[in-house]
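Secondary and tertiary structure notes
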Amino acid sequence: MNDRVRVRVDEVELELSNLQKVLYPAAGFTKGEIIDYYTRISPHLLPHLRDRALTRIRYPNGVDGVNFFEKNRPGGTPDWVRLATLPVPGSTKVDRETIDFVVCDDLPTLVWLANLAALELHTPQWKVDAAGPDLLVVDLDPGPPAGLAECCEVACLMRERLALDGIDAYPKTSGKKGMQLCCPVSGNQTSEEVSGYAKRVAEELAAAHGRLITARMTKSLRPGKVFIDWSQNAAAKTTVAPYSLRAQPMPTVSAPLTWNEVEAGHVVATDLTAPAVLDRVDDWGDLLAPLLERGPEVPG
């Protein structure tokens, strides 16, 4: 289990360890397979991570073991890893006003993180040197017995409403029970402006489709409905990155979807595992590539 191997990734030499360690016990999916997945998906994943402060969720003993969030750079971070020192208002750490975030711009950094069992990769909606968010994200969170089918229905309603304001929406699964819609925006507005717009749209849809949608965070209102979580656009929030693994029994992925799939309403998150997503990008490329271009400003 303590096997170590030195590899060269681009121009960087790395030491990988415990490649046979099973981190997804129900699937028998090993650390070596996780590193292989992230390496193979990297042409599509890295553009969505580039220039963004990265929060990781690490599972050193697998998805059934203890996990921890990690924002600050870990001990022993190589000097070739890009860091960004950023303010963290409201941090729970005493006397901490800034954090040295990892910025994953390249394959060596991605492989290094995978070797640390950083299974989940989460990013904010803005880049480290940006004035404001260049993405608007809404999280569609179903309250049982509602599920992904209901999320698909709400996603279609949300797409139609956003289109009225000239905003394009692109769907992906959360990798768990819900979905997200991601929209490119200008990057010239504040997180408060983008979040306020998302909230207005969510409340408008909830008023028009009350049997299906809630825009309120109160959990007692959620059973059987889809909560449109507009708060993902707040300055302190992050969202799971496209193509990131999730810590579920199977190695599911936050997978981009086609609108045809969403309209059909037959999305099954457990089918969208790492091997399946690699096949999908071979067929379709990056369905979320339009997110890499700037979009319009949201209405005030």
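Residues numbered from 1 in each chain as written. Predicted model: local features only at pLDDT ≥ 70, side-chain atom pairs only at ≥ 80, totals over all residues. Heavy atoms only, no water.

Here we come to the environment of V66. Mapped onto the secondary structure, V66 falls in the loop between β5 (53-58) and β6 (68-70). Classification of V66 as exposed rests on a relative accessible area of 66%. Contacts of V66, omitting those with residues within four sequence positions, involve R58, Y59 and P60. (Helix = DSSP H or I, 4+ residues; strand = E, 2+ residues; numbered from the N terminus. Buried < 20%, exposed > 50% of the residue type's maximum accessible area, 1.4 Å probe, protein only. Contact = heavy atoms within 4.5 Å.)

This brings us to the packing of helix α3 (residues 148-163) against helix α4 (residues 191-208). Working note: a packed helix pair is described by the angle between its axes plus the distance between those axes. Where α3 meets α4, the axes come as close as 11 Å, and the angle between the chain directions of the two elements is 125°. In terms of orientation, α3 and α4 fall into the oblique class. Considering how the two elements wind past one another, α3 and α4 form a crossing that is right-handed. Contacts between α3 and α4 involve L157, M158, R161 and L162 from the first element and Y197, V201, E204 and L205 from the second. Tallied by class, the residues present in the contact of α3 with α4 amount to 6 nonpolar, no polar and 2 charged. (Axes fitted to C-alpha atoms, helices over the stretch in contact; angles between N-to-C directions. Parallel < 35°, antiparallel > 145°, perpendicular 65-115°, else oblique. Left-handed = near helix turned anticlockwise from the far one by under 90°. Nonpolar A, V, L, I, M, F, W, Y, C, P; charged D, E, K, R; others polar.)

Okay, the nonpolar core next. Counting 81 residues, the largest nonpolar core has Y37 and Y38 as the members making the most contacts within it. With 9 residues, the top contributor of residues to this core is α3. Filtering out sequence-adjacent residues up to four positions away, Y37 remains in contact with Y243, L245, V253, A274, V277 and L278. By size, the runner-up hydrophobic cluster in this structure holds 7 residues, among which are A84, V88, I99 and F101. (Core = buried A, V, L, I, M, F, W, Y, C linked by side-chain atoms within 4.5 Å.)

This next bit is on the packing of helix α1 (residues 31-49) against helix α2 (residues 107-115). Running from N to C, α1 and α2 cross one another at 140°; their axes reach a closest spacing of 9 Å. Classed by the angle they form, the pair α1 and α2 counts as oblique. The element α1 and its partner α2 pack so that their crossing is right-handed. Contacts from K31, I34, I35, Y38, T39, S42, L45, L46 and L49 of α1 reach α2 at L107, L110, V111, A114 and N115. Along the lines of polarity and charge, the residues of the contact of α1 with α2 split into 10 nonpolar, 3 polar and 1 charged.

Here we take up the packing of aromatic side chains. The geometry of two aromatic rings is summed up by the distance between their centres and the angle between their planes. Per the stated rule, a full pass over the model turns up 2 aromatic pairs. Measuring from ring centre to ring centre gives 5.8 Å for Y24 and F29, while their planes differ by 80°; the resulting arrangement is edge-to-face. F29 shares its class with Y24; the two are buried. Ring centres of Y37 and Y38 lie 5.3 Å apart, and the angle between their planes is 55°; this geometry places the pair in the tilted category. Above the face of the W259 ring, R159 is positioned so that its terminal group lies 4.1 Å from the ring centre. (Phe/Tyr/Trp six-rings, centres within 6.5 Å; stacked < 30°, edge-to-face > 60°. Lys NZ or Arg CZ within 6 Å of the ring centre and 35° of its normal.)

On to the environment of K21. You can see K21 is positioned in the loop between β2 (12-17) and β3 (22-24). Taking the C-alpha atoms as reference, K21 lies 8.6 Å from N61; in sequence the two are 40 residues apart. Of the polar contacts made by the side chain of K21, one reaches the side chain of N61; its length is 3.1 Å. (Polar contact = N/O pair within 3.5 Å; in protein donor to acceptor, adjacent residues only side chain to side chain.)

Here the focus is the pairing of strand β1 (residues 4-9). Strand direction decides the pairing type here: β1 and β2, joined by 6 bridges, are antiparallel. Paired with R8 across the bridge in β2 is E13. Counted between consecutive antiparallel strands, the loop separating β1 from β2 contains 2 residues, among which D10 sits at a positive phi close to 55°. (Pairing = 2+ DSSP bridges.)

Residue P145 is reached from P144 by a cis peptide bond, and omega for that bond is 10°. Of note, the phi angle at N18 is positive, near 50°, even though the residue is not glycine. Among the structural elements, N18 can be located in the loop between β2 and β3. Backbone geometry at A117 places phi at a positive 60°, although glycine is not the residue there. When you line up the elements, A117 lands in the loop between α2 and β9 (118-123). Residue A117 is classed as buried on the basis of its relative accessible area of 4%.

Turning to helix α6 (residues 274-284), its buried residues number three or more, namely A274, V277, L278, R280 and V281. Down the axis, α6 shows its buried residues gathered within 160° of arc, on one side only. Opposite the buried face of α6, by more than 90 degrees, sit the exposed residues D282 and D283. Where the residues of α6 are buried, they touch β4 (29-30), α1 and α5 (259-264). Just past α6, the residue G285 takes up positive phi, approximately 70°. (Arc of directions from axis to C-beta.)

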